[in-house]
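# Notes for the structure review
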Amino acid sequence: MTTKDQVREEVTIRFAGDSGDGMQLTGSLFTNTTALLGNDLRTLPEFPAEIRAPAGTVPGVSSFQLHFGSTEIMTPGDVCDVLVVMNSAALKANLSLLKKGGIIIANIDGFDKKNLNLAKYPEGENPLEDGSLDSYRVYEVDVSSMTKEALSETDLSYKEVDRCKNMFVLGLLFWMYNRPVEPTIKFLQKKFGKEPRIADANVNVLKTGYHFGETAEIFSSRYTVEEADLKPGTYRNITGNESTVLGLVAATQKSGLPLFFGSYPITPASDILHGLSRHKNFGVTTFQAEDEIAAVSSAIGAAFGGHIGVTSSSGPGIALKGEAMGLAVMLELPLVVLNIQRAGPSTGMPTKTEQADLLQAMYGRNGESPMVIVAPKSPADCFNMAFEACRIALEHMIPVMYLSDGYLANGSEPWKFPQEKDLKDIKVRFEPPRENSDEPFLPYLRDENHVRSWAIPGTEGIEHRVGGLEKEDGTGNVSYDPDNHEKMVKLREAKRNKVADFIPLQKIDQGNTTGEVLVLGWGSTYGSIRTAVGQLRRDGMDISHAHLNYISPFPRNLEELLRGFERVIVPEINNGQLVRLIRDEFLIPAKPINKIKGRPFGVQELKDSILNILSEKQTVTES
Amino acid sequence: MTTKTNTDTLKNGNANGSNGIPKYSSKDFSSDQDVRWCPGCGDYTILKQVQNVMPDIGVLKKDIVFISGIGCAARFPYYMDTFGMHSIHGRAPAIATGLKVSRPELSVWIITGDGDSLSIGANHFVQLLRRNVDVNLLLFNNQIYGLTKGQYSPTAPEGTVSKSTPFGSIDHPFNPLQLSMGADGTFIARAMDRDPKHLQKMLLRASEHKGTSMLEILQNCIVFNDGAFELFTDKKSRPRETIYVEHGEPLIFGSENEKGLRLDGLTPEVVELGSEYSKDDLWVHDEKDKTKADLLTRFFEHPHNSEHLKFPRPFGVLYDVDRPTYDEGVTIQNAEALKRNKPDLNALLQGPETWEVS
Ligand code: SF4
């Protein structure tokens with residue numbers, strides 16, 4: 001049988017197996033090589049909720065999805081073209097994500113009686129044999145025994161041999177999609193540098209998988225995906241949590257201030273703590289606190305001392321930090337709170353994504369407690385917005401909430417990373433020391449932007465007290481005066497609102513600046529909306545897309561921009577939160593599109609929902 | 001504008017070190033704010049003694065910070081002419097940790113109460129002690145919630161009748177010193193508002209100790225719990241019911257110094273000095289001895305429960321040992337990281353693997 005070479009514009013591959021099968025590594029290595037070949041791409045890892053769910057069961061399945069192409073790729077793909085399954089549980093958990101006619105590569109060893117039982121297939125049923133997969137192209141590969149055979153000459157233990165089998169699959173996929181194995185070999189040699197026998201075994205199995213594709217003659221097609229038309233430059237691959245870390249480190253360098261990071265482990269934010277703790281040489285101190293409240297409180301203490309105080313968490317932890325955030329509002333100290341959102345309420349679905357903490361960020365503290373809210377729109381954009389969060393906090397002496405989510409945190413994309421010189425300096429205004437001044441120091445004196453100066457301990461002559469009790473304007477003394485309280489509430493709000501003068505105006509991402517329909521998004525929905533709107537535009541629709549990075553305050557021109565459209569649609573991974581803010585602020589009858597399934601929007605479903613809303617309009621006007 | 005001086009402050013700390021400290025008087029530490037505790041509250045004298053010892057701790061005023069939580073005592077920082085923060089309930093240890101770790105050259109004082117530190121903030125209290133952050137914690141213990149007008153507190157003895165326990169409290173109280181021992185605290189001491197001289201001494205000792213200094217100060221709340229510590233403060237009962245410990249000295253008490261504490265193995269007992277026992281038979285206080293400190297901190301019978309205590313309540317420094325501080329550990333680790341690896345933002349942004357698109 002001869003193998004046809006075919007060219008594909010885009011491909012989505014999903015690697016799925018047991019948590020112990022190394023699917024995340026397999027996916028990442030395929031991604032790295034794909035990036036090196038110049039494809040545009042997006043990835044989405046999906047981890048099991050339990051750390052060690054029983055092997056072979058559906059809850060134990062771990063997956064990694066990669067969407068790559070020669071065109072612009074903005075999402076990890078709605079459905080996949082290829083599904084790699086290392087066992088029957090992986091098939092069961094993921095089959096619904098495979099497109100009809102798609103390819104299944106099944107490790108037959110994972111479909112033995114024991115595995116079928118663990119995956120809870122009915123007694124005697126085997127999906128590989130009962131015809132239920134007839135509408136797909138199924139390749140059954142005996143990965144385990146071929147791996148064993150390849151390593152028969154080595155002294156590796158049974159377990160060590162078994163650990164190599166993901167490399168067989170990777171090699172096979174490299175062959176199928178015409179990618180070189182060399183970058184992976186280099187990686188393996190580096191990773192197992194101290195254990196050459198393990199490195200050699202992995203390389204051996206990787207090559208065996210590749211050659212199997214070449215010689216087995218069971219695959220009818222082999223695919224090529226050409227380079228994408230990316231902007232020229234140097235790229236790296238990056239996840240949202242990684243680029244958040246880099247944004248914070250960049251802020252220390254561009255402000256000249258050390259950074260103190262107080263955090264408590266929580267999914268999916270912990271990688272930020274892990275990442276930052278490796279960068280102590282940049283003037284970063286990381287503190288794993290005893291709880292969420294101590295985490296934010298320690299960051300406030302550091303901010304009082306003149307450092308960039310940052311804390312991170314996810315929804316449940318943010319709820320615990322509420323009172324302390326209010327203190328930072330009152331103290332008018334810079335504080336950055338990173339919320340890597342996940343599905344709630346309560347513990348919710350920790351490993352699943354959601355955008356449902358926007359109203360919490362906006363209103364989730366006691367009293368009138370305005371904070372700035374920013375939101376990155378893609379994994380690489382996490383860098384920009386983490387940097388922005390620090391800049392705004394420091395320059396405006398205000399707590400800033402940064403809303404990322406599990407999808408951005410773990411997803412990755414190619415990043416044309418900046419150079420240090422491309423980044424703006426962050427300017428802070430410390431109160432200077434004073435000697436023998438008779439004038440009392442007024443800690444709550446403000447500049448034209450309502451910003452007080454940063455008066456840190458260790459500065460001669462400005463000893464003063466701050467606290468959570470209402471402040472008298474100017475002196476900062478405790479005050480229960482009714483008029484003063486109202487004034488201070490308004491001042492704190494005005495200070496937050498004034499930040500709008502120091503953020504970019506809202507741009508239209510694609511489409512006309514006025515017209516029939518505007519799709520307005522925020523945060524991690526960017527890729528799906530951009531792709532969906534792009535496709536609708538190619539179909540001839542008058543539709544535009546704008547995406548908010550700044551939510552509190554909104555960009556100055558947002559109202560004008562919204563009023564330039566007949567209809568405004570707001571898709572969100574929640575039950576309708578930004579849409580409420582928009583309606584409330586501008587009295588515009590914006591329409592929501594909501595998905596609350598712990599997963600990002602698929603492009604097709606988003607297009608369908610948009611068309612649905614627009615058809616509703618027609619019925620209204622027709623009737 | 002970043003002023004040079006502040007950046008220097010951030011980097012180098014107090015340029016003068018301990019030299020060049022002006023001759024302060026206690027008045028230099030008194031702010032312009034009216035003190036607002038109830039007349040007769042024990043907090044007044046504690047404030048006064050703190051202001052009295054501040055000139056002697058060898059720190060510039062600009063480098064002193066008082067941080068409090070919530071409660072009557074938490075108003076304290078407003079009255080000190082130093083840097084200060086009146087924060088939120090129970091969290092002062094966490095705020096102080098962040099401040100001290102980022103600015104180790106500062107002298108950081110935590111002002112807290114029994115509700116603040118042993119109820120809502122108990123977690124932070126024990127974590128502070130185990131980490132041994134180099135701060136001083138003054139625990140104003142009045143066995144009652146004063147600010148919220150009279151509910152029993154986590155140090156109130158069983159049976160305390162309060163607004164929230166009209167039939168007597170059922171909760172077993174914390175022994176703050178034992179809790180501190182359990183958290184592996186490195187400096188554990190007790191003083192009382194009614195003995196200002198001794199309190200001053202204890203404050204100085206607390207300030208000298210490197211690591212978390214936990215000083216419990218028995219404080220009379222004249223409004224909601226008056227006389228809670230009368231047995232220890234009343235002239236008549238005090239010699240019998242208290243013992244002042246001094247490092248290297250035998251444990252003697254009583255109005256005529258006629259009683260002593262003796263160790264029978266690991267069992268403490270009160271003995272009468274005279275025919276059977278002499279000074280030489282007594283337990284000699286050793287601040288460095290954890291076992292002995294553990295026994296001493298257990299003397300915690302409650303005056304409410306019995307007229308006369310089996311063991312006197314100990315005052316003084318019960319335990320004082322050296323253990324590396326958390327803030328010092330952070331400083332060392334950060335410095336080592338810097339030595340190993342010069343910060344290069346461009347290299348960091350570039351990451352381990354890149355590719356070119358042309
Ligand atoms: S209520 Fe008690 S503790 Fe509070 S100020 Fe009054 S006397 Fe002092």
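Residues numbered from 1 in each chain as written. Chains lettered and ligands numbered in written order. Predicted model: local features only at pLDDT ≥ 70, side-chain atom pairs only at ≥ 80, totals over all residues. Heavy atoms only, no water.

## Observations concerning the overall build of chain A
Scanning chain A from N- to C-terminus turns up 20 helices and 23 strands. In terms of C-alpha radius of gyration, chain A reaches 27 Å, essentially the compact-globule figure of 25 Å for 623 residues. Viewed in the frame of its principal axes, chain A has a C-alpha envelope of about 90 × 70 × 50 Å. Buried residues in chain A amount to 62% of all 623 residues. Contacts spanning at least 24 positions in sequence make up 76% of the contacts within chain A whose residues lie at least 6 apart. Taking the 66 positively charged and 81 negatively charged side chains of chain A as two groups, their mean positions are separated by 1 Å. (Helix = DSSP H or I, 4+ residues; strand = E, 2+ residues; numbered from the N terminus. Rg over C-alpha atoms; globule rule 2.2 N^0.38 Å. Buried < 20%, exposed > 50% of the residue type's maximum accessible area, 1.4 Å probe, protein only. Contact = heavy atoms within 4.5 Å. Lys, Arg positive; Asp, Glu negative; His and termini not counted. Charge placed at Lys NZ, Arg CZ, Asp CG, Glu CD.)

## Here's the deal with the pairing of strand β5 (residues 80-85) of chain A
Residues and elements named next belong to chain A. Burial runs high along β5: six of the six residues are buried. Bridge analysis of strand β2 (residues 10-18) against β5 gives four bridges, and the strand direction is parallel. Paired with F15 across the strands is V84, a residue of β5. Direction of pairing for β5 relative to strand β6 (residues 98-107): parallel, over a ladder of five bridges. What sits directly across from L83, in β6, is I104. Note on the crossover from β5 through helix α2 (residues 88-94) to β6: the handedness is right-handed. (Pairing = 2+ DSSP bridges. Right-handed = clockwise from strand over helix to strand, strands pointing away.)

## Points about the confidence of the model for chain A
Overall, the predicted model of chain A reaches an average pLDDT of 95, with 99% of residues at or above 70. Under a pLDDT of 50 for its full length, residues 618-623 of chain A has, in the predicted model, zero contacts with residues more than four places off or in other chains. (pLDDT = per-residue confidence, 0-100.)

## Topic: the packing of helix α2 (residues 43-53) of chain B against helix α7 (residues 196-208) of chain B
Residue and element names in this part refer to chain B. Where α2 contacts α7, the two axes come as close as 9 Å, and the packing angle between them is 50°. Taken as axis vectors, α2 and α7 run oblique relative to one another. Seen from above, α2 lies across α7 with right-handed handedness. Within the contact between the two elements, α2 uses T45, I46, Q49, V50, N52 and V53 and α7 uses P196, L199, Q200, L203 and L204. Considered class by class, the residues forming the contact of α2 with α7 number seven nonpolar, four polar and no charged. (Axes fitted to C-alpha atoms, helices over the stretch in contact; angles between N-to-C directions. Parallel < 35°, antiparallel > 145°, perpendicular 65-115°, else oblique. Left-handed = near helix turned anticlockwise from the far one by under 90°. Nonpolar A, V, L, I, M, F, W, Y, C, P; charged D, E, K, R; others polar.)

## Re the confidence of the model for chain B
All names here are of chain B. Here chain B averages 93 in pLDDT, while 93% of its residues score no lower than 70. Considering only residues more than four positions removed or in separate chains, one finds that residues 11-18, a stretch of pLDDT under 50, has eight contacts. Scoring of the predicted complex yields 0.94 for pTM and 0.95 for ipTM.

## Overview of the interface of chain A and chain B
Opposite the 76 residues of chain A that make contact, chain B presents 63 residues. Carbon and sulfur atoms make up 62% of the surface buried where chain A meets chain B, a total of about 5,900 Å² over both sides. When the buried surface of chain A facing chain B is broken down by residue, N281, E290 and R465 of chain A rank first, second and third, together holding 12% of it. At the junction of chain A and chain B, the tally comes to two salt bridges. Its salt-bridge partner being D81 of chain B, residue R465 of chain A comes within 3.2 Å of it at the nearest N-O pair. Across the contact surface, chain A and chain B share 26 residue pairs in polar contact (both at pLDDT 80 or more). Here the element with the most residues in the side of chain A that touches chain B is helix α11 (residues 292-304) of chain A; it accounts for eight residues. (Buried area = accessible area lost by both parts, 1.4 Å probe. Salt bridge = Lys/Arg side-chain N within 4 Å of Asp/Glu carboxyl O. Polar contact = N/O pair within 3.5 Å; in protein donor to acceptor, adjacent residues only side chain to side chain.)

## Section: the site of the ligand
Close to the ligand lie W37, C38, C41, C72, N142, G146, Q219, C221, I222, V223 and F224 of chain B, which account for all nearby residues. Each residue belonging to the shell around the ligand can be placed in one class, and the counts come to eight nonpolar, three polar and no charged. (Near = heavy atom within 4 Å.)

## Quick word on the layout of surface pockets
As a volume, the largest pocket reaches approximately 1,800 Å³. In terms of lining residues, the largest pocket is bounded by 47 residues, among which R236, N237 and E242 of chain A together with P352 and E353 of chain B are the most central. Among the elements that make up the lining of the largest pocket, the one with the highest residue count is helix α1 (residues 23-36) of chain A (seven residues). Grouping the constituent residues of the lining of the largest pocket by class yields 18 nonpolar, 17 polar and 12 charged. Two domains each provide a minimum of three residues to the lining of the largest pocket, namely domain 1 (4-224) and domain 2 (236-422) of chain A. Empty space within the second largest pocket amounts to approximately 1,000 Å³. (1 Å grid on protein atoms, 1.4 Å probe; cavity = no way out; pocket = protein on both sides within 12 Å on 5 of 7 lines; lining within 4 Å. Points joined across faces, edges and corners; volume = space filled by probe spheres on them. Domains from an automatic or database assignment.)

## Quick notes on the pattern of salt bridges
Pairing is possible between side chains of opposite charge, provided their charged atoms come close. Residue and element names in this part refer to chain A. Under the defined criterion, the tally for this structure stands at 45 salt bridges over all chains. A salt bridge links K352 to E46; its shortest N-O distance comes to 3.1 Å. Highlighted residues: K352 in the loop between β13 (335-341) and α13 (358-363) and E46 in strand β3 (residues 40-46), separated in sequence by 306 residues. With a relative accessible area of 24%, K352 lands in the partly exposed category. The network of salt bridges with common partners includes E332, R446, D473, K487 and K495.

## Brief notes about the domain arrangement of chain A
Residue and element names in this part refer to chain A. Annotation of chain A at the domain level lists domain 1 (4-224), domain 2 (236-422) and domain 3 (508-622). If you average the C-alpha positions of domain 1 and of domain 3, the two centres end up 37 Å apart. Contacts between the two partners involve eight residues from domain 1 and, on the opposite side, 11 residues from domain 3. Buried area between domain 1 and domain 3, summed over both chains or domains, comes out near 680 Å², and the portion from carbon and sulfur atoms is 51%. Looking at the side of domain 1 facing domain 3, the largest losses of area belong to M74, T75 and D78, adding up to 62% of the total buried there.

## Thoughts on the environment of A293 of chain B
Residues and elements named next belong to chain B. For A293, the location among the structural elements is in helix α10 (residues 290-297). According to the relative accessible area criterion, A293 is buried, its value standing at 1%. Taking the C-alpha atoms as reference points, A293 and I188, separated by 105 residues in sequence, lie 8.9 Å from one another.

## Description of the sheet that holds strand β12 (residues 267-272) of chain B
Residues and elements named next belong to chain B. Taken in spatial order, the three strands make up an open sheet running β10-β11-β12, and their pairing is antiparallel. Only two strands of the sheet have a single neighbouring strand rather than two, namely β10 (252-253) and β12. Looking at chain direction, β10 and strand β11 (residues 259-264) are connected through two bridges and run antiparallel. Residue I252 lies in a different strand from β11, and its bridge partner there is G260.

## Notes on unusual backbone geometry
Residue and element names in this part refer to chain A. For the peptide bond that leads from T267 to P268, omega is 0°, which places it in the cis range. Position of P268 among the secondary structure elements: in the loop between β10 (259-263) and α10 (270-276). G344 connects to P345 through a cis peptide bond whose omega is 0°. Tracing the backbone through its elements, the reader meets P345 in the loop between β13 and α13. Backbone geometry at E217 places phi at a positive 55°, although glycine is not the residue there. For E217, the position within the fold is in the loop between α8 (196-216) and β8 (221-224). Residue E217 is classed as partly exposed on the basis of its relative accessible area of 45%. The backbone phi angle of E332 is positive, close to 55°, even though this residue is not glycine. Topologically, E332 is positioned in the loop between α12 (315-331) and β13.

## A few points about α2 of chain B
Residues of α2 of chain B that are buried: D43, I46, L47, Q49, V50, Q51 and V53 of chain B. Against β1 (64-68), β4 (136-141), α7 and β8 (213-218) of chain B lie the buried residues of α2 of chain B.

## Some remarks on the sheet that holds strand β9 (residues 242-244) of chain B
Backbone hydrogen bonds are what pair the strands of a sheet, in a parallel or an antiparallel way. On the basis of which strands lie adjacent, the open sheet formed by nine strands has the order β17(A)-β2(B)-β1(B)-β3(B)-β4(B)-β8(B)-β7(B)-β13(B)-β9(B) and mixed pairing. What marks the edges here is a single partner per strand, and that holds for β17 (465-467) of chain A together with β9 of chain B. For this sheet, the mean angle separating the axes of adjacent strands, direction not counted, is 20°. As paired strands, strand β3 (residues 107-113) of chain B and β4 of chain B are joined by five bridges and run parallel to one another. Residue I111 of chain B lies in a different strand from β4 of chain B, and its bridge partner there is L138 of chain B.

## Some points on helix α16 (residues 482-498) of chain A
Residues and elements named next belong to chain A. Counted at 1.5 Å a residue, the expected span for α16 with its 17 residues is 24 Å, and the 24 Å between its end C-alpha atoms agrees. The secondary structure elements touched by the buried residues of α16 are α12, α13, β14 (372-374), α14 (381-396) and β21 (550-552). Its side-chain oxygen at 3.2 Å from the backbone nitrogen of D483, D481 defines the N-terminal cap of α16. (Expected span 1.5 Å × (residues − 1).)

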